[in-house]
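Next come the chains, spelled out residue by residue.
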Amino acid sequence: MHNIFRMSHITTLPSGTPLRRVRPASNVDRRGASGGGAMVGEQKRRRPGGRSARVRESVIDATLKVLADKGLTAFAVAEVVALSQVHETTIYRRWGSREDLIVDALSSAAGLSVQVPDTGSIRSDLDELLNIVSECLGTPTGRLLNHALSFGGDDPRWTRLRDSLWDATLRPIYPITERAVRRGELPVGIEPRMLLETLLAPLQLRALKLSDPLDPQLRIRFIDMILHGAASAVAAEDDPGG
């Protein structure tokens with residue numbers, strides 16, 4: 001948090017004795033003391049992250065628009081600069097690289113797109129999650145996320161991007177499985193990532209290749225199959241000789 005008080009300036013005499021000099025109050029400061037217009041200036045100086053938040057929002061929005069228009073391979077930071085009106089050096093100073101900017105933008109979109117359900121039951125939580133994700137994949141942002149997660153480039157940069165994005169997409173919904181373990185609906189030792197990847201992968205395939213979402217009855221059958229398989233896998237690991 002920024003210090004809103006003026007700091008005294010310390011200088012040192014030749015003898016080594018410190019001399020404290022306090023900057024005299026400006027006319028603006030004196031007006032502020034009596035309730036004048038200086039408060040406006042102080043409020044501007046005090047707004048932590050105000051401009052920074054606006055810059056980030058502008059750059060992230062522009063990044064998503066360029067990605068939707070150009071795709072991953074043709075994405076250019078120069079176009080983000082033109083759309084956001086944020087200088088290129090500011091973008092690289094904050095995000096470091098083109099790939100980190102893409103990951104941040106897509107991760108932000110993923111976080112906004114999927115709200116984690118908490119219905120009190122793992123079965124209905126997963127059903128609601130599949131419904132939310134299915135609707136999300138039908139939107140421009142959802143199609144962009146799906147393409148990025150399915151992107152098959154061999155360049156190590158894109159592999160890192162894909163891994164980072166998968167992690168950013170899945171980690172926020174781990175609480176679904178964690179709550180289920182506490183309620184006794186899933187066995188201790190279940191791997192949240194494996195269960196969620198197994199759940200979401202066919203949905204993504206249908207959206208990407210088949211343009212055919214899961215209907216409600218098929219969703220429930222699919223969820224029951226995954227939950228049964230997950231429980232059986234943990235039991236087999238606990239009893240390798242059985």
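As the structure is a computational prediction, the values presented were derived from the model and not from experiment. (Residues numbered from 1 in each chain as written. Predicted model: local features only at pLDDT ≥ 70, side-chain atom pairs only at ≥ 80, totals over all residues. Heavy atoms only, no water.)

Asker: What should I look at first to understand the side chain of Arg 98 in this one?
Answerer: Within the fold, Arg 98 resides in helix 6 (residues 98-113). When sequence neighbours within four positions are dropped, the list of residues in contact with Arg 98 reads Leu 72, Thr 73, Ala 74, Phe 75, Val 77, Tyr 92, Arg 157 and Trp 158. (Helix = DSSP H or I, 4+ residues; strand = E, 2+ residues; numbered from the N terminus. Contact = heavy atoms within 4.5 Å.)

Asker: It is not clear to me how the nonpolar core should be interpreted in this structure. Could you clarify?
Answerer: Note that soluble globular proteins tend to have their nonpolar side chains buried in a common cluster. Formed by 53 residues in total, the largest nonpolar core has its most connected members in Leu 106, Leu 126 and Leu 195. Here this core gets seven residues from one element, more than from any other, and that element is helix 3 (residues 50-70). Setting aside residues no more than four positions away along its own chain, Leu 106 makes contact with Leu 64, Leu 67, Leu 144, Leu 145, Ala 148 and Leu 165. (Core = buried A, V, L, I, M, F, W, Y, C linked by side-chain atoms within 4.5 Å. Buried < 20%, exposed > 50% of the residue type's maximum accessible area, 1.4 Å probe, protein only.)

Asker: Looking at this model, I keep getting lost on the packing of helix 8 (residues 140-150) against helix 9 (residues 156-170). Mind explaining?
Answerer: A pair of packed helices is characterised by two quantities: the angle between their axes and the separation of those axes. Two elements in contact, helix 8 and helix 9, have axes whose closest approach is 8 Å; the angle formed by their N-to-C orientations is 130°. Taken together, helix 8 and helix 9 sit at an angle that is classed as oblique. The way helix 8 lies across helix 9 gives a crossing that is left-handed. On helix 9, the residues touching Leu 145, Ala 148 and Leu 149 of helix 8 are Arg 162, Leu 165, Trp 166 and Thr 169. Residues that form the contact of helix 8 with helix 9 fall into these classes: five nonpolar, one polar and one charged. (Axes fitted to C-alpha atoms, helices over the stretch in contact; angles between N-to-C directions. Parallel < 35°, antiparallel > 145°, perpendicular 65-115°, else oblique. Left-handed = near helix turned anticlockwise from the far one by under 90°. Nonpolar A, V, L, I, M, F, W, Y, C, P; charged D, E, K, R; others polar.)

Asker: Even after reading the chapter, I still don't get the pattern of salt bridges, so can you show me in this structure?
Answerer: Close approach of charged atoms lets side chains of opposite charge pair. Evaluation of the coordinates by the stated rule reveals 11 salt bridges. In this structure, Asp 104 engages Arg 56 in a salt bridge whose closest nitrogen and oxygen atoms are separated by 2.8 Å. Of this pair, Asp 104 sits in helix 6 while Arg 56 sits in helix 3, and the two are 48 residues apart along the sequence. A relative accessible area of 27% means that Arg 56 is categorised as partly exposed. (Salt bridge = Lys/Arg side-chain N within 4 Å of Asp/Glu carboxyl O.)

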